[in-house]
Every structure is written in C-alpha cells, then in structure tokens.
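The primary structure of each chain is shown beneath.
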Amino acid sequence: MLPALVDIGANLTNRCFQRDLPAVLQRARDVGIQKIMVTGTSLRASRDALNLARAHPGVLFSTAGVHPHDAKSWTGDSLQELEQLASHPECVAMGECGLDFNRNFSPQDQQKQVLERQVELACKLQKPLFLHEREAHQALVEILGRHRANLPAVVVHCFTGTTEEAKVYLDMGFYIGLTGFLCKDKRPNGVQWMLQQQLIPLDRLMIETDAPYMYPNIKKLPKGTQDALANFSLNMDTFHFCSYKRNEPCSVAVTAAVIAACMSVGPDVVAQATTENATKIFTL
C-alpha cells in the first residue's frame, strides 16, 4: 500500500453516491486514502458537502463555491451565504469556482463577475482557492492578477491545459491538481509530456479524482508507462469498482502511480509529496 493519500477533489454529493457512500469510503481507506475534500459547486452542493464533512470528521472536508456552469444562478444573497459556509472549520477552501469558456453554460461576463466576487471573498478570508478553468486561461490570469497581492494559496483543479499555461500558473505560485485525465492526454505539450520533462515540480503538485468523473483509463497509456505501472505491484482490488460511468476516490492511488511512472519515480514519492502539499495548503 502507498503512504497516506489525499484526494483534494471528489463530488461525493453527487446522487450516484447516495446508495453506497459507506462502501465508497471504505474502498478509499483500503488503498490508503486518509482524507477527501468534498467539492462544493453550487450553494446547495456546498451545504451538502459541509454536512458530509460534519458527518465524517477528520476524514471528509468541504469546499464552498459556485462553479462557472452555475454562475447564472448567482443572486444578491449568494456571497453572504458562501461566507457563512466558508466560516466553518470543516470548509477548507473556496471553490470550485472559475471560468469555463468551453461549454459556456453561463454567459462569460457573468462567469467573470461571479468568479471575481469569490476571489475577493477568498482574499478576505484567506481561504485557499480551488479553481476550474477550461479554455479561459488568459481571462482567469487577468482576474487573479488584479488580486495577486492578497491571494491565498491557489490550486488549479483538474488541470487540462498546455505546458505554456502550466508555466504561467506555476510562475504565479499556484499549485496544479491532476486527475485521471492525464491517462488520455497524449498532446505533445500535454500533461504526460510535462511530467516526463519534470516541468511540474512535486512540491507544487496535488492529486484528485474529480469523482464520479475523470476515470483514469490506464489502457490508454503508452506501453512503456503501462509496463512501469505493472512493475509497481499496485493493489488493484478496488479499482474495478471504478469506470467511466462512476469514478471513485479509491482511483486516486492509480493516478498517483501514473504520475510516478511518467516522472520515473516511485509511487510512494508522489504519494508523500502530494499529501504533504495538500495537508499544508488546506490545513487538513
């Protein structure tokens, strides 16, 4: 088993986990996951995440935020409620908030306004920011740049961007969160390549599942990476519970091993570094 792991982002308030959450958490424990951050993506999901964290003290933690998809639901009362949710000790970050110009489920101008309000709140409370970004890199950097002097720690969750974008985030002092997306990212300047070139340092890296999404399909990995995984002698007993239909926190151990294979280090090295980063930044 790997050293203690932390999944910094799992959508455990999703209805697909309602029927068997205790079993899901047990499978996470079985692979060494000691702590999981439950992502808040709307006011309702943030309330539910807080309630879950309270029901599992010391194991589950919550975030509070409004996802860019839900920016259109923002009202005059949203900021006050978010501040109330974030004031609880179980809530360890502001987010998931950010910009998504890929799907544009909310108008872009509204996304930017709602993100700015949440960034201002994170600066006021000095709670770490848990950020979402899709095809909106420059706009995100501009908003964060206006608050750079007061920004708390920032994690770019589920990073799917380019080497150039990662460099900008790292130069700004941000952390990079990686999910099972990296298994299918074969771009010449994508995540696998960045890890192989040691362009994302271990002391700025965190791992997450984004469950029930971002299933790490190791069959899509290059043969050399698959061979390296086989040499790690991972306990894969729980991994068969994960699929494209429903990813689970227990798969974070596989993602850690894939990162290790790409970086040519042992999975225990990745587990220790990412757990230390998450524990420090989110005060877990």
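Look a little higher up for the structure.
Only a predicted model underlies this, so the values are computations on that prediction, with no experimental measurement involved.

Conventions and cut-offs
Residues numbered from 1 in each chain as written. Predicted model: local features only at pLDDT ≥ 70, side-chain atom pairs only at ≥ 80, totals over all residues. Heavy atoms only, no water. Axes fitted to C-alpha atoms, helices over the stretch in contact; angles between N-to-C directions. Helix = DSSP H or I, 4+ residues; strand = E, 2+ residues; numbered from the N terminus. Left-handed = near helix turned anticlockwise from the far one by under 90°. Contact = heavy atoms within 4.5 Å. Nonpolar A, V, L, I, M, F, W, Y, C, P; charged D, E, K, R; others polar. Pairing = 2+ DSSP bridges. 1 Å grid on protein atoms, 1.4 Å probe; cavity = no way out; pocket = protein on both sides within 12 Å on 5 of 7 lines; lining within 4 Å. Points joined across faces, edges and corners; volume = space filled by probe spheres on them. Phe/Tyr/Trp six-rings, centres within 6.5 Å; stacked < 30°, edge-to-face > 60°. Buried < 20%, exposed > 50% of the residue type's maximum accessible area, 1.4 Å probe, protein only. Salt bridge = Lys/Arg side-chain N within 4 Å of Asp/Glu carboxyl O. Polar contact = N/O pair within 3.5 Å; in protein donor to acceptor, adjacent residues only side chain to side chain.

Visitor: So what exactly am I meant to see when it comes to the packing of helix H3 (residues 78-86) against helix H4 (residues 108-125) here?
Guide: Packed helix pairs are specified by the crossing angle of their axes together with the interaxial distance, meaning the distance between the axes. Taken N-terminus to C-terminus, the directions of H3 and H4 make an angle of 35 degrees; their axes are 11 Å apart at the nearest point. In the packing of H3 onto H4, the handedness of the crossing is right-handed. Contact residues: H3 offers Leu79, Leu82, Glu83 and Ala86, while H4 offers Arg117, Gln118, Leu121, Lys124 and Leu125. Considering only residue class, the contact of H3 with H4 consists of 5 nonpolar, 1 polar and 3 charged.

Visitor: Would you explain the sheet that holds strand E6 (residues 154-156) in this entry?
Guide: Hydrogen bonds along the backbone pair up the strands of a sheet, which may run parallel or antiparallel. A sheet is described by the order of its strands in space; here 8 strands give the open sequence E1-E2-E3-E4-E5-E6-E7-E8, paired in parallel fashion. With partners counted over all chains shown, the strands left at the sheet margins are strand E1 (5-10) and strand E8 (205-207), one partner each. For this sheet the average axis-to-axis angle between neighbouring strands, irrespective of direction, equals 30 degrees. Both strand E7 (residues 175-178) and E8 contribute to a ladder of 3 bridges, which runs parallel. Looking across to E8, one finds that Ile176 is bridged to Leu205. Relative to strand E4 (residues 91-100), H3 is tilted by about 140 degrees, and along the sheet it contacts strand E3 (60-64) and E4.

Visitor: Please explain empty space enclosed by the protein as it appears in this structure.
Guide: If a probe as big as a water molecule is rolled over the atoms, it shows which places are left empty. For the structure on display, the rule yields 1 cavity of 30 Å³ or more. Estimated volume of the largest cavity: approximately 30 Å³. Around the largest cavity, the lining residues are Leu25, Ala28, Arg29, Ile33, Gln34, Lys35, Ile36 and Val59. Listing elements by their share of the lining of the largest cavity, those giving two or more residues are helix H1 (21-30) and strand E2 (33-38). Tallying contributions element by element places E2 first for the lining of the largest cavity, with 4 residues.

Visitor: Just checking my understanding: could you explain the packing of aromatic side chains for this structure?
Guide: For any pair of aromatic rings, the description consists of the separation of the ring centres together with the inter-plane angle of the planes. The full count for this structure, using the stated rule, is 4 aromatic pairs. With 6.2 Å between their ring centres and 90 degrees between their planes, Phe159 and Tyr169 make a pair best called edge-to-face. In this pair, Phe159 is assigned in the loop between E6 and helix H6 (163-171) and Tyr169 in helix H6, connecting sequence segments 10 residues apart. With 5.6 Å between their ring centres and 15 degrees between their planes, Tyr215 and Phe239 make a pair best called stacked. Separated by 24 residues along the polypeptide, Tyr215 in the loop between E8 and helix H8 (223-231) and Phe239 in the loop between H8 and helix H9 (252-263) bring together distant segments of the chain. Take Tyr215 and Phe239: they sit in the same class, and that class is buried.

Visitor: Explanation requested: the pattern of salt bridges in the structure shown.
Guide: Any two side chains of opposite charge can pair, on the condition that their charged atoms come close. Taken as a whole and assessed by the stated rule, the structure comprises 13 salt bridges. Put simply, Arg19 and Asp20 hold a salt bridge, and the shortest N to O gap is 3.6 Å. Exposure remark for Arg19: the relative accessible area of 68% places this residue in the exposed category. Since its relative accessible area comes to 14%, Asp20 is described here as buried. The shortest N-O distance in the salt bridge between Asp109 and Lys112 comes to 3.9 Å. Here the residue Asp109 and the residue Lys112 both occupy positions in helix H4, the gap between them amounting to 3 residues, near one helical turn. Residue Asp109 is classed as exposed on the basis of its relative accessible area, which comes to 52%. Residues participating in the shared-partner salt-bridge network are Arg19, Asp20, Arg27, Arg246 and Glu248.

Visitor: Would you mind showing me how to read unusual backbone geometry here?
Guide: If a residue is not glycine, its phi is most likely negative; likewise, a peptide bond is most likely trans. Omega for the bond connecting Gly95 with Glu96 falls within 30 degrees of zero, at 20 degrees, which places this linkage in the cis form. Following the sequence through the fold, Glu96 ends up in strand E4. With an omega dihedral of 10 degrees, the bond running from Ala211 to Pro212 counts as a cis peptide bond. Mapped onto the elements of the fold, Pro212 is located in the loop between E8 and H8. The phi angle at Cys158 is positive, at roughly 50 degrees, despite the residue not being glycine.

Visitor: In this structure, what is going on with the side chain of Ser106? I would like to understand it.
Guide: With respect to the helices and strands, Ser106 occurs in the loop between E4 and H4. Note on Ser106: relative accessible area 1%, which makes it buried. Separated by 3.1 Å, the side chain of Ser106 and the backbone oxygen of Pro68 make a polar contact. Once residues lying within four places of it in the same chain are set aside, the contact partners of Ser106 are Pro68, His69, Asp70, Ala71, Lys72 and Gln111.

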